[in-house]
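For reference, the chains in residue letters:
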Amino acid sequence: MKKRQVISMIACAVCTLAVGTAAFAEDTIKIGFFAPVSAPSAAADGQSSLQSAKLAVDLINEAGGIDGKQVELVDYDDGLDTTEAANIAEKLTTDDSIAAIVSGSYSGPTKVAAPIAQEAGKLLVSAYAVHPDVVNAGDLVFSQSFPGSVQGTAAAVFAGEVLQAKRVAIVAVDLDFGTEQATYFKQKAAEYGIEIVSEDYIAISDNDMTSVITKIAGEDVDLIYSVNYYEQASEVCRQVALQGLECAILGTEGADSWQLLETAGEFANGLYITTNMNRDDENEKTQEYIDKYIETYNMQPDMVGASVYDAFQVLFDAMANVGTDTQAMKEYIAGMKDFDTVTGTLLYYNEAGSAVKPVQVQQVTDGEYHFAATIDDAAIIDPANY
Amino acid sequence: MFLQQLINALTIGSLYALTAMGATLIYGILGILDIANAGAYLVGAYVGWYIFHATGSIVLAFIGSMALVGLGGVVLQRTVYSPILAKPRTLSIIPLVAAVGLFTMSSDAVRLICGAGTKAYNLKFPVMVYKFTVFGKKLTIQPAWIMIFVLTAVLLFILWFILNRTKLGLAWRATAEDAEIAGVCGVNTSYAMALSYILGYGFAAAAGIMTGILYNSITPALGEVPSYKMLAIIVLGGLGNPLGTVIAGLLIGIAEVFLSVYFNLPIPKDAIAFVVLIIMLLIKPSGLLGRKNKV
């Protein structure tokens, strides 16, 4: 009996040692990630987000990883639920093997996860959440996207200077995303003497734009500023065309999706959007991302996916240069200048941690997004100026 | 503009009436709030989409989807609802919880099987829009609206005919009145229940397809709004009353369009249905056409 016990103890010890050595010798860099994959209302963005995260990791691993180490994606589904986002953030921040976190989710879950990451001393890069509270969580949180202030102001500049709009109707989703951009649009539009003829804030669950566009039809406007996500923006395009309004439509990054092109079809032609990805950019990185994404997933990439991909590029660059120490990465990222990304040149991160980069204006022609303008005035694109 | 908005409102209202009809028929017979009707609406829109894109026929899409989803409803009734209700002392919350579970499952199943992205019906009408001038005002009618009016009217007529002019309808009405006594009198209550599900889920499927055509878009989230708004409509109509549901659907459509367009309400449009419901319940607690003893 004693002999047996000794043998089992030795066996246990050998096993423990083997497992321990394996863990110790683990030559991977783990990056935590979450996206709203299973929430029906956000699943398309969740999918785009997760696919781009996987693509970023696959491509860096194919290229030999970072300093010879392979990158491992530890991904979670937040279901667009803030409680779940908090649980995920706890899991990722209490796991010492996680080097940094990328949020591929909306403002709601990201706003909850950011302070948890900050408190635990983990770096978090948010890909496309627009709420200012995300970066306000602390110095370990960075954001790749424009806040509403930048995008709304840039839209007004385009409306005033390029489209020469005089009478504008605003149709916006009744969320921070819509109200914030509309507020800054109105402020800047006043400088161009633009009259805001009507403002309608539509619940995100409501896809019916018929009655709103009927009302606007009687107002003789020359531009509709549509601060909506793709489903509602598609319906704005369709109803404007079907009801015979002769006005331009200016959308936002919320309408930057292949899904809008699919549902609005020919009615999307002429639509302008402010966004961060210029599909016609000759930059090798942009074209490589677009080609690889289509090749891998057989669908067009969008702003959400491109922003997630960029968040990973920023982390990879930091890790390749200074390793995975959080403070070193933080200082490196905070000091980044003119970094080439899929969504154009990232000029720098401002003090709050928001990326400062030019706003792209794209126009739908022949069912595809194409370059229309770039707004790169430093006074407009740095969120610190608002 | 008033006439144009009225047409807009009646289009939306017709869809609401058809969407909520399934829940009304099922409440009328089983006395349960079947939220899973919103799942039938969602699944119906997707089944219709696949049939339409496989055959190119929207008629086949409607017939096929209504039949398949209607039969699916009977399967659910036989395997889920009836066994639950057959148990002695079943709390009324239990079938409701089962329905919520079925609805959630249907949304997730659609997302996993059909993908998270949007699908477009892309149904081409010969004319994109009809334009008229009435009293000097421009009026537009979109062919999708005509389809919704006509199809809703036809389906509701079929429902009226079945319920009022056939033996099966008589069985349904008898079962709705008192299932136990109807059973004792020789009425096959099981057929009446199956009828509720075939028609109810079938109508929800048709409403799902029509919504998909109207907005040219279907997503796995399609059933979310109907899942709660249909409750407001069926309660407003007087629980279990088909005619009340039609009136309530149209009323909610009109209230939503006019209140949201002419008054900048601080509440979301989707909440209007519930505000109307609360006002109605304060005035007439049994709903528009409900009988007092039903509440």
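Calculation rules
Residues numbered from 1 in each chain as written. Chains lettered and ligands numbered in written order. Predicted model: local features only at pLDDT ≥ 70, side-chain atom pairs only at ≥ 80, totals over all residues. Heavy atoms only, no water. Helix = DSSP H or I, 4+ residues; strand = E, 2+ residues; numbered from the N terminus. Rg over C-alpha atoms; globule rule 2.2 N^0.38 Å. Buried < 20%, exposed > 50% of the residue type's maximum accessible area, 1.4 Å probe, protein only. Contact = heavy atoms within 4.5 Å. Areas by Shrake-Rupley, 256 points an atom, 1.4 Å probe, with all protein chains shown as cover. Lys, Arg positive; Asp, Glu negative; His and termini not counted. Charge placed at Lys NZ, Arg CZ, Asp CG, Glu CD. Pairing = 2+ DSSP bridges. Patch = residues over 30% accessible without salt bridge, like charges linked within 9 Å, V, L, I, M, F, W, Y side chains within 5 Å. Salt bridge = Lys/Arg side-chain N within 4 Å of Asp/Glu carboxyl O. 1 Å grid on protein atoms, 1.4 Å probe; cavity = no way out; pocket = protein on both sides within 12 Å on 5 of 7 lines; lining within 4 Å. Points joined across faces, edges and corners; volume = space filled by probe spheres on them. Nonpolar A, V, L, I, M, F, W, Y, C, P; charged D, E, K, R; others polar. Expected span 1.5 Å × (residues − 1). Domains from an automatic or database assignment. Buried area = accessible area lost by both parts, 1.4 Å probe. Polar contact = N/O pair within 3.5 Å; in protein donor to acceptor, adjacent residues only side chain to side chain.

**Here we look at the overall build of chain B**
Each helix and strand in chain B was counted, giving 11 helices and two strands. Seen in sequence order, chain B has helices and strands lined up from the N terminus as α-α-α-α-β-β-α-α-α-α-α-α-α. For chain B, whose C-alpha radius of gyration is 19 Å, the value lies close to the compact-globule estimate of 19 Å for 295 residues. Per-residue burial for chain B yields a buried fraction of 55% across its 295 residues. Considering only residue pairs separated by 6 or more positions, chain B has 76% of its internal contacts joining residues 24 or more positions apart. In the form shown here, chain B has an accessible surface area of approximately 13,000 Å², with 73% of it arising from carbon and sulfur atoms. Put simply, chain B has 18 plus and 8 minus side-chain charges, and the middle of one group is 9 Å from the middle of the other.

**Section: the pairing of strand E14 (residues 359–365) of chain A**
Residue and element names in this part refer to chain A. For E14, a buried count of six out of seven residues is recorded, marking the element as mostly surrounded by other parts of the structure. Pairing of E14 with strand E15 (residues 368–375), which is carried by seven bridges, proceeds in the antiparallel orientation. Its bridge partner being in E15, Gln360 is matched across the sheet by Thr374. Connecting E14 to the next strand, E15, in antiparallel fashion are two residues, including Asp366 with a positive phi near 50°.

**Observations concerning a negative patch on the surface**
Residue and element names in this part refer to chain A. On the surface, a cluster of negative charge is made up of Asp280, Glu282, Asp366 and Glu368. Tracing the backbone through its elements, the reader meets Glu368 in strand E15. Taking the relative accessible area as the measure of exposure, Glu368 reaches 44% and is therefore partly exposed.

**Side note on empty space enclosed by the protein**
Residue and element names in this part refer to chain A. According to the stated counting rule, one finds four cavities of 30 Å³ or more in the structure shown. In this model, the largest cavity occupies a volume close to 50 Å³. Along its surface, the largest cavity is lined by Ala129, Val130, His131, Pro132, Val135, Ser143, Ser145, Phe146, Pro147 and Ser354. Here the residues of the lining of the largest cavity are counted per class, giving six nonpolar, four polar and no charged.

**Focus: the pairing of strand E6 (residues 167–173) of chain A**
Residues and elements named next belong to chain A. Taking burial as the measure, the seven residues of E6 include six buried ones, the bulk of the element. Pairing of E6 with strand E7 (residues 195–202) involves seven bridges; the strand directions are parallel. From the neighbouring strand, Ala172 faces E7, where its bridge partner is Tyr201. Sheet topology note: the E6/strand E8 (residues 223–227) ladder contains five bridges and is parallel. For Ala172, the partnering residue across the bridge sits in E8 and is Val227.

**Digging into helix H4 (residues 107–120) of chain A**
All names here are of chain A. When the terminal C-alpha atoms of H4 are compared, their 20 Å separation across 14 residues agrees well with the 20 Å that a helix rising 1.5 Å per residue should span. Turning to H4, its buried residues are Ser107, Pro109, Thr110, Ala113, Ala114, Ile116 and Ala117. On its buried face, H4 sits against strand E1 (28–35), helix H3 (82–94), strand E3 (98–103), strand E4 (124–126) and strand E5 (141–143). Trailing H4 by a residue or two, Gly121 shows a phi angle of about 75°, which is positive.

**Topic: the domain arrangement of chain A**
Residue and element names in this part refer to chain A. Domain assignment breaks chain A into domain 1 (28–145 + 281–353) and domain 2 (148–275 + 362–385). For domain 1 and domain 2, the distance between their C-alpha centroids amounts to 28 Å. Residue-level contacts link 14 residues of domain 1 with 15 residues of domain 2. Carbon and sulfur atoms supply 55% of the area buried between domain 1 and domain 2, which totals about 1,200 Å² over both sides. Contact with domain 2 buries area across many residues of domain 1, yet Val130, Met303 and Asn350 alone supply 39% of it, more than any other trio. Along the contact surface separating domain 1 from domain 2 lie three residue pairs in polar contact (both at pLDDT 80 or more). Within the residue set of the side of domain 1 that touches domain 2, elements represented by two or more residues are helix H2 (43–62) and strand E12 (344–349). Across the side of domain 1 that touches domain 2, the residue classes break down as eight nonpolar, three polar and three charged.

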